[in-house]
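Chain by chain, the residues run as shown.
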Amino acid sequence: MHTIQQRPVSINGHVEIRPMMYIALTYDHRIVDGSEAVSFLVRVKHLVEDPESLLIEG
């Protein structure tokens, strides 16, 4: 995880300044399939953006 920085993003056709953070994932391609790694990273992104979903899921 990198630092949170203010960056311009497009929201509903308008440019807005929002806090953004890059998340990087490294893994051994010989052991982990790329699609599984991407799915994991997308899940982490979702949980960071909506931590309440951790409490709702069962």
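Residues numbered from 1 in each chain as written. Predicted model: local features only at pLDDT ≥ 70, side-chain atom pairs only at ≥ 80, totals over all residues. Heavy atoms only, no water.

### Description of the overall build of the protein
Then step 1. The number of helices and strands found in the protein is two helices and two strands.
Then step 2. In the protein, the succession of helices and strands from N to C terminus is β-β-α-α.
Then step 3. Since a compact globule built from 58 residues should have a radius of gyration of about 10 Å, the 15 Å found for the protein marks it as more spread out than a globular shape.
Then step 4. The dimensions of the protein, computed from C-alpha atoms along their principal axes, are 40 × 30 × 25 Å.
Then step 5. By the burial criterion, 5% of the 58 residues in the protein qualify as buried.
Then step 6. Summed over all atoms, the accessible surface of the protein reaches about 5,200 Å², with 60% contributed by carbon and sulfur.
Then step 7. Taking the 5 positively charged and 8 negatively charged side chains of the protein as two groups, their mean positions are separated by 7 Å. (Helix = DSSP H or I, 4+ residues; strand = E, 2+ residues; numbered from the N terminus. Rg over C-alpha atoms; globule rule 2.2 N^0.38 Å. Buried < 20%, exposed > 50% of the residue type's maximum accessible area, 1.4 Å probe, protein only. Areas by Shrake-Rupley, 256 points an atom, 1.4 Å probe, with all protein chains shown as cover. Lys, Arg positive; Asp, Glu negative; His and termini not counted. Charge placed at Lys NZ, Arg CZ, Asp CG, Glu CD.)

### Re the side chain of Ser53
Then step 1. For Ser53, the location among the structural elements is in helix 2 (residues 53-56).
Then step 2. Classification of Ser53 by relative accessible area gives buried; the value is 7%.
Then step 3. Here Asp50 takes part through its backbone oxygen, which lies 2.8 Å from a polar atom of the side chain of Ser53.
Then step 4. Those residues within four positions of Ser53 in sequence are excluded, and the remaining contacts are His46 and Leu47. (Polar contact = N/O pair within 3.5 Å; in protein donor to acceptor, adjacent residues only side chain to side chain. Contact = heavy atoms within 4.5 Å.)

### Comments concerning a nonpolar patch on the surface
Then step 1. Taken together, the side chains of Leu54, Leu55 and Ile56 present a nonpolar region at the surface, about 400 Å² in accessible area.
Then step 2. Here Leu55 is to be found in helix 2. (Patch = residues over 30% accessible without salt bridge, like charges linked within 9 Å, V, L, I, M, F, W, Y side chains within 5 Å. Salt bridge = Lys/Arg side-chain N within 4 Å of Asp/Glu carboxyl O.)

### Structural notes on the layout of surface pockets
Then step 1. The computed volume of the largest pocket comes to approximately 390 Å³.
Then step 2. Every residue along the wall of the largest pocket is listed here: Ile4, Arg7, Pro19, Met20, Met21, Tyr22, Ile23, Leu41, Val42, Lys45, Val48 and Glu49.
Then step 3. Only strand 2 (14-20) and helix 1 (34-49) provide two or more residues apiece to the lining of the largest pocket.
Then step 4. Looking at the lining of the largest pocket, the element that brings in the most residues is helix 1, giving five residues.
Then step 5. Of the residues that constitute the lining of the largest pocket, the class distribution is nine nonpolar, no polar and three charged. (1 Å grid on protein atoms, 1.4 Å probe; cavity = no way out; pocket = protein on both sides within 12 Å on 5 of 7 lines; lining within 4 Å. Points joined across faces, edges and corners; volume = space filled by probe spheres on them. Nonpolar A, V, L, I, M, F, W, Y, C, P; charged D, E, K, R; others polar.)

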